[in-house]
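So the chains spell out like this:
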Amino acid sequence: MTVYMVERDLKGISMEGLGDAQKAAISKAAEMTSNGTDIRYLRSTFAPEDGRCMCLFDAISATDVKRLNDDAGLPYRTIVPALDLTP
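This section reports on the structure supplied with the text. A quick note: this is a predicted structure, and the numbers were derived from the prediction, not measured. (Residues numbered from 1 in each chain as written. Predicted model: local features only at pLDDT ≥ 70, side-chain atom pairs only at ≥ 80, totals over all residues. Heavy atoms only, no water.)

Details of the sheet that holds strand 4 (residues 78-81)
In step 1: Taken in spatial order, the 4 strands line up as 2-3-1-4 in an open sheet, and their pairing is antiparallel. Both edges of this open sheet fall to strand 2 (39-47) and strand 4, since each of them pairs with a single strand only. Each strand axis lies, on average, 20 degrees off the axis of its neighbour in the sheet, ignoring direction.
In step 2: Two strands pair when backbone bridges link them, and strand 2 and strand 3 (residues 52-59) are joined in this way by 8 bridges, in the antiparallel orientation. For Ile39, the partnering residue across the bridge sits in strand 3 and is Ala59.
In step 3: Where helix 1 (residues 15-34) meets the sheet, its contacts fall on strand 2 and strand 3, and the angle it forms with strand 2 comes to roughly 165 degrees.
In step 4: Helix 2 (residues 62-72) contacts strand 1 (2-9), strand 2, strand 3 and strand 4 of the sheet and is inclined by roughly 40 degrees relative to strand 1. (Pairing = 2+ DSSP bridges. Helix = DSSP H or I, 4+ residues; strand = E, 2+ residues; numbered from the N terminus. Axes fitted to C-alpha atoms, helices over the stretch in contact; angles between N-to-C directions. Contact = heavy atoms within 4.5 Å.)

Observations concerning helix 1
Quick reminder: α-helices carry 3.6 residues per turn. Residues three or four places apart thus point the same way.
In step 1: Between its terminal C-alpha atoms helix 1 stretches 29 Å, which fits the 28 Å expected from 20 residues at 1.5 Å a residue.
In step 2: Among all positions of helix 1, only Leu18, Ala21, Ala25, Lys28, Ala29 and Met32 are buried. What you see down the axis of helix 1 is that its buried residues fit within an arc of 100 degrees, all on one side. Summarising the geometry of helix 1, the exposed residues directed more than 90 degrees from the buried face are Met15, Glu16, Lys23 and Ser34.
In step 3: Those residues of helix 1 that are buried are in contact with strand 2, strand 3 and helix 2.
In step 4: With its phi angle positive at about 105 degrees, Gly36 sits one or two positions after the end of helix 1. (Expected span 1.5 Å × (residues − 1). Buried < 20%, exposed > 50% of the residue type's maximum accessible area, 1.4 Å probe, protein only. Arc of directions from axis to C-beta.)

A closer look at helix 2
In step 1: Every buried residue of helix 2 is listed here: Asp64, Val65, Leu68 and Asn69. Projection of helix 2 onto a plane perpendicular to its axis shows the buried side chains occupying an angular sector of 130 degrees, all on one side.
In step 2: Looking at the buried positions of helix 2, the neighbouring elements they touch are strand 1, helix 1, strand 2, strand 3 and strand 4.

Description of the pattern of salt bridges
In step 1: Counting across every chain of the model gives 7 salt bridges.
In step 2: Between Asp50 and Arg52 there is a salt bridge, and its shortest N-O distance comes to 2.7 Å. (Salt bridge = Lys/Arg side-chain N within 4 Å of Asp/Glu carboxyl O.)

Spatial relationships are all this shows, so hold off on functional conclusions.
Right, dumping it as structure tokens:
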């Protein structure tokens, strides 16, 4: 599996909306995994001042990450392979 970073522009989103988006990503990942597509939401980092949000997913392909975000109705700018450097 590979870590993928999803970049989003969520300028103006409320904290409730941000929480709902996170729940949608987690729920869709669980649904896809139960249906045979191994994908996991890892975490997000949000900068409220300018609305940038970076979300990390563990998946087999960028196509699976794209499908998750499209199916969950979550906006994104880019999806790229990334290195998760969490200690």
